[in-house]
Amino acid sequence: MNRDGLSRTRTYAAGALALLAFATACGDNGGGGSAAPAGSTATTAASGPASAAATTPGAAPAQGDAAAWAKWNLKPLAPAPAPPADKPIKLERTGTVPVFSDVKTSDKVVFITIDDGAEKDPKFVEMLTDLKVPISMFLTKDIVKNDYGYFKPLQALGNHIQNHTVTHPVMSKLSADKQKSEICEDQAALTQQYGTAPLLFRPPFGDGANTPMLNTSVQQCGPRAIVLWRESMQIHDMQYQAADKKLKPGDIVLAHFRGPKELKGATMTQMFADLLARIQEQGFSVARLEDYIQAPAS
Ligand SMILES: [Zn+2]
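Residues numbered from 1 in each chain as written. Predicted model: local features only at pLDDT ≥ 70, side-chain atom pairs only at ≥ 80, totals over all residues. Heavy atoms only, no water.

Draft legend 1. Geometry of helix 4 (residues 122-131). Taken together, the buried positions of helix 4 are occupied by Phe 124, Val 125, Met 127, Leu 128, Asp 130 and Leu 131. The elements touched by buried residues of helix 4 are helix 3 (66-71), strand 3 (109-116), helix 6 (152-156) and helix 9 (268-281). (Buried < 20%, exposed > 50% of the residue type's maximum accessible area, 1.4 Å probe, protein only. Helix = DSSP H or I, 4+ residues; strand = E, 2+ residues; numbered from the N terminus. Contact = heavy atoms within 4.5 Å.)

Here is the structure:
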């Protein structure tokens, strides 16, 4: 099946209207979820039951104790199952990078990704230190460079830092050279600051994700996958791409480092508490995205 061809067709068909909608999906004021990019499920084959049992699974991420959850007025989230030994997504060292917005799994888990890095609320570090809910951070150099240190305690909790460009542009409006500098310079800065090279890339607004030009630019800078999302957290509720407005196993959820100015007075920790409540009330737990992805063999 020519998945890339299908994806491109969808992208081109969506055209300028979708671009307009993208501009709000990961920008100032939220929104845009219903028109978020139509990312496809990763194509790599899910593991069969036999292979899944063949090797020892890793440990599930530790989660905070009941007292820690009570401190934040939350009920403990069900612990995530141990990560699969046979990863549903296997990345290759070279060639076209896959584009995905969810992960094939029957585990009742979703993955939280938090973008940009504008709000640097110490209370959020305290919250994640208490709760130990796994997140992945897609950071934009020009938005985080005034305080790279803020994200280091979050990284020390086991959370990965991923690439989200230097200036947060609409990538499809850039030349190939400009795309490359946006991705490569963020990659270099994040690698230098955090000691490990981002494996994943997310284009701002999801824009251009399925274009061959962006895929090539990503390949030239080091990330080995383009990651989109299925749900977008706003202030108290999520926007769903699915018509039934329900989480599905393996969904990737987009949130942002945002504070009261962007959240109509709500704080980052209030937004995150509401996000966890929305996940919990649908019977899901939170797993670490990178635990479901096999990095290329080194
Ligand atoms: Zn963004």
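Draft legend 2. Region of interest: the pairing of strand 4 (residues 136-139). A two-sided burial pattern is seen for strand 4, the buried positions comprising Ser 136 and Phe 138 on one face and Met 137 and Leu 139 on the other. The sheet contact formed by strand 3 and strand 4 spans 4 bridges and is parallel. From the neighbouring strand, Asp 115 faces strand 4, where its bridge partner is Phe 138. Considered for its hand, the β-α-β crossover made up of strand 3, helix 4 and strand 4 is right-handed. (Pairing = 2+ DSSP bridges. Right-handed = clockwise from strand over helix to strand, strands pointing away.)

Draft legend 3. A look at the state of the cysteines. Taken as a whole, this structure holds 1 disulfide when the rule is applied. Covalently, Cys 184 is tied to Cys 221 through a disulfide, its sulfur atoms 2.0 Å apart. Its S-S torsion of approximately -90° makes the covalent link between Cys 184 and Cys 221 left-handed. Of this pair, Cys 184 sits in helix 7 (residues 176-194) while Cys 221 sits in helix 8 (residues 212-221), placing them 37 residues apart in sequence. For Cys 221, a relative accessible area of 11% translates into the label buried. (Disulfide = S-S within 2.5 Å.)

Draft legend 4. Molecular detail of the side chain of Ser 136. Summarising the element assignment, Ser 136 is placed in strand 4. At 3.0 Å, the side chain of Ser 136 forms a polar contact with the side chain of Glu 290. Look past the residues within four positions of Ser 136 in its chain and what remains in contact with it is Ile 112, Thr 113, Ile 114, His 160, Leu 289 and Glu 290. (Polar contact = N/O pair within 3.5 Å; in protein donor to acceptor, adjacent residues only side chain to side chain.)

Draft legend 5. Inspection of the nonpolar core at higher detail. Within the largest apolar cluster, 45 residues are counted, with the highest numbers of intra-cluster contacts made by Ile 112, Phe 124, Phe 151, Phe 257, Phe 272 and Leu 276. Listing elements by their share of this core, those giving two or more residues are helix 3, strand 3, helix 4, strand 4, helix 7, strand 9 (238-240), strand 10 (252-256) and helix 9. (Core = buried A, V, L, I, M, F, W, Y, C linked by side-chain atoms within 4.5 Å.)

Draft legend 6. Expanded view of the pattern of salt bridges. Counted by the stated rule, this structure contains 9 salt bridges. A salt bridge links Lys 145 to Asp 142, with the nearest nitrogen and oxygen atoms 3.2 Å apart. Taking the relative accessible area as the measure of exposure, Lys 145 reaches 46% and is therefore partly exposed. Given a relative accessible area of 37%, Asp 142 falls into the partly exposed group. Among the charged side chains, a network of salt bridges with common partners joins Lys 71, Lys 123, Glu 126 and Asp 130. (Salt bridge = Lys/Arg side-chain N within 4 Å of Asp/Glu carboxyl O.)

Draft legend 7. Structural view of the confidence of the model for the protein chain. On average, residues of the protein chain score 85 in pLDDT, and 79% of them are at 70 or above. Confidence drops under a pLDDT of 50 for residues 1-25, and excluding neighbours within four residues, the segment shows 39 contacts in the predicted structure. Here residues 27-57 is modelled with pLDDT under 50, and outside its nearest four sequence neighbours on either side it reaches 69 contacts, counting other chains as well. (pLDDT = per-residue confidence, 0-100.)

Draft legend 8. Layout of unusual backbone geometry. Not every positive phi belongs to a glycine, and Lys 132 is a case in point at roughly 55°. Summarising the element assignment, Lys 132 is placed in the loop between helix 4 and strand 4.

Draft legend 9. Layout of the packing of helix 4 against helix 9. Relative orientation of the contacting elements helix 4 and helix 9 amounts to 35°, with a least axis distance of 8 Å. With respect to the hand of their crossing, helix 4 and helix 9 are arranged in right-handed fashion. Between helix 4 and helix 9, the contacting residues are Lys 123, Phe 124, Met 127, Leu 128 and Leu 131 on the first element and Met 268, Thr 269, Phe 272, Ala 273 and Leu 276 on the second. (Axes fitted to C-alpha atoms, helices over the stretch in contact; angles between N-to-C directions. Left-handed = near helix turned anticlockwise from the far one by under 90°.)

Draft legend 10. Spatial organisation of helix 9. Relative to the 20 Å expected for 14 residues at 1.5 Å per residue, helix 9 spans 20 Å between its end C-alpha atoms, a close match to the ideal helical length. Burial of helix 9 is extensive: 10 of the 14 residues sit out of reach of the surface. Along helix 9, the positions that sit buried rather than exposed are Met 268, Thr 269, Met 271, Phe 272, Ala 273, Leu 275, Leu 276, Ala 277, Arg 278 and Ile 279. (Expected span 1.5 Å × (residues − 1).)

Draft legend 11. Local environment of the packing of aromatic side chains. Under the criterion given, the structure shown has 7 aromatic pairs. Measuring from ring centre to ring centre gives 5.1 Å for Phe 124 and Phe 272, while their planes differ by 75°; the resulting arrangement is edge-to-face. Residue Phe 124 is located in helix 4, and its partner Phe 272 is located in helix 9; the two are separated by 148 residues in the primary sequence. On the basis of an interplanar angle of 90° and a centroid distance of 4.9 Å, the ring pair of Tyr 150 and Phe 151 is categorised as edge-to-face. In terms of burial, Tyr 150 and Phe 151 fall into one category: buried. Here the basic side chain of Arg 202 rests over the ring of Phe 138, its NZ or CZ set 4.4 Å away from the ring centre. (Phe/Tyr/Trp six-rings, centres within 6.5 Å; stacked < 30°, edge-to-face > 60°. Lys NZ or Arg CZ within 6 Å of the ring centre and 35° of its normal.)

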